[in-house]
Amino acid sequence: MSDSAAPQVSAAADRASQTLHRALDILEAVAEGAHSLKAFEERVGLTRSTTHRLASALVDRGLLSAVGRDYRLGGRLVQLGHQASERLGVAEVARPVLAALAADTQDAANLGTPSGDDVLYVAQVPGRRRLEIRHRVGDRNRIRDTALGRALLIDASPQRWAALFADAPDALQAATFQRDMEAARRTGHALHLEDGGDSIRCIAAPIRDASGAIVAAISLSSVPQYMDEARMAELVPQVVAAALEIGMALGFNPSRLAP
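Throughout this document, residue positions are counted from 1 along each chain, in the order its sequence is written. Only residues with pLDDT of at least 70 get local features here, since the model is predicted, and only at 80 or more are side-chain atom pairs given and counted; chain-wide, interface and lining totals rely on the full set of residues. In computing side-chain properties, one takes all heavy atoms of the structure into account and sets aside hydrogens as well as water.

Engineer: What am I meant to see in the overall build of the protein here?
Structural biologist: Every helix listed is a DSSP run of H or I at least four residues long, and every strand listed is a run of E at least two residues long, numbered separately from the N terminus. If you tally the helices and strands in the protein, you get 9 helices and 8 strands. When the 259 residues of the protein are sorted by exposure, 37% land in the buried category. Only heavy atoms enter the contact rule, under which two residues are in contact if any of them lie within 4.5 Å. Here the analysis covers contacts within the protein between residues at least 6 apart in sequence; of these, 52% occur between residues at least 24 apart. Method for areas: the Shrake-Rupley scheme with a 1.4 Å probe, in which residue coverage is limited to the protein chains shown. Only carbon and sulfur atoms are counted for the fraction: they give 53% of the accessible area of the protein, which is about 14300 Å². Residue exposure (1.4 Å probe, protein chains only): buried if accessible area is under 20% of the type maximum, exposed if over 50%, otherwise partly exposed.

Engineer: What exactly am I supposed to notice about the pattern of salt bridges here?
Structural biologist: Salt bridges are identified by distance alone: a Lys or Arg side-chain nitrogen within 4 Å of an Asp or Glu carboxyl oxygen. Applying the stated criterion across every chain, the model contains 10 salt bridges. The salt bridge partner of Arg231 is Asp107, with a shortest N-O separation of 2.7 Å. Separated by 124 residues along the polypeptide, Arg231 in helix H9 (residues 229-249) and Asp107 in the loop between helix H5 (90-105) and strand S3 (108-115) bring together distant segments of the chain. A residue is classified by how much of its surface remains accessible, and Arg231, at 18% relative accessible area, is buried.

Engineer: Which parts of the structure should I look at to understand the nonpolar core?
Structural biologist: Side chains that are nonpolar tend, in soluble globular proteins, to be buried together. Here, the term nonpolar core denotes a set of buried Ala, Val, Leu, Ile, Met, Phe, Trp, Tyr and Cys residues that are joined through side-chain atoms within 4.5 Å. By size, the foremost hydrophobic cluster in this structure holds 27 residues, and its most contacted members are Leu98, Leu111, Ile203, Ile207, Ile218, Leu220 and Ile246. Elements represented by at least two residues in this core include exactly H5, S3, strand S4 (118-125), strand S7 (200-208), strand S8 (214-222) and H9. At 8 residues, H5 tops the list of elements feeding residues into this core. Not counting residues up to four positions away in its chain, the partners in contact with Ile218 are Leu98, Leu101, Asn110, Leu148, Ile203, Ala204, Ala205, Ile207, Val239, Ala242, Ala243 and Ile246. Counting residues in hydrophobic clusters, the runner-up holds 22 residues, among them Leu148, Ala151, Leu153 and Met181.

Engineer: What should I look at first to understand the packing of helix H2 (residues 37-44) against helix H3 (residues 48-60) in this one?
Structural biologist: For helices, the fitted line uses only the C-alpha atoms of the stretch in contact; every axis is such a line through C-alpha atoms, and the angle between N-to-C directions lies from 0 to 180 degrees. With their axes 9 Å apart at the nearest point, H2 and H3 run at an angle of 105° to one another. Classified by the angle their axes make, H2 and H3 are roughly perpendicular. On H3, the residues that touch Leu37, Lys38, Phe40, Glu41 and Val44 of H2 are Arg48, Thr51, His52 and Ala55. A class-by-class count of the residues in the contact of H2 with H3 yields 4 nonpolar, 2 polar and 3 charged. Here roughly perpendicular refers to angles of 65 to 115 degrees, roughly parallel to angles under 35, roughly antiparallel to angles over 145, and oblique to all remaining angles. Ten residue types, Ala, Val, Leu, Ile, Met, Phe, Trp, Tyr, Cys and Pro, are classed as nonpolar, four, Asp, Glu, Lys and Arg, as charged, and the remainder, Gly among them, as polar.

This is how it looks when you write it as structure tokens:
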């Protein structure tokens, strides 16, 4: 290739890259509520003819659909999203987030998924405390008895909550659980503050996938001497943010839950 040809190839590659970015800008604009060529023009800063050409190319590939002058996301995006979801396991996505959370807090970080009336631990990163709460991958607990399990139940109906205590001899236990679940639903996270018996402190938050459904939950656990109620309150935003980070990597859009 001659010296004069190299700049031409580079310029062509730059133009192709810019075209790709503009097409992606149009897809993002549609996802955010823009549905007309005029709205696309304002978003990407191109001429109407160029914008129309890009939008038409996206329609041809099934990434957009068009009814008259109204554009929507296309069915091909749904197919691609489903394929990506199948290939992207929640444990794989969560591990680096769990590791960062455990390293930053020095407490154990866990990932759980629902399994009937149990929570199944599918990933775990130990803390660095002299005393710590540790669950092994593959361990199970009753879903009603842990903050991790309760975070998984935030979207469940009150009837589902009540059914989990159908065998409880103490009606107060069931009433307390209902109250705790109502609080978890309001706040978006669940707490475990057991000072007697198992002496566990735990903060958990749900992880949602691209559909907005809760598919897993993340938790941070320790013993009371390292995690008093004041420190728990400080850590809640960090745990919730970690859960959101994992969810967004799975395709979750936080605006789905906006009031």
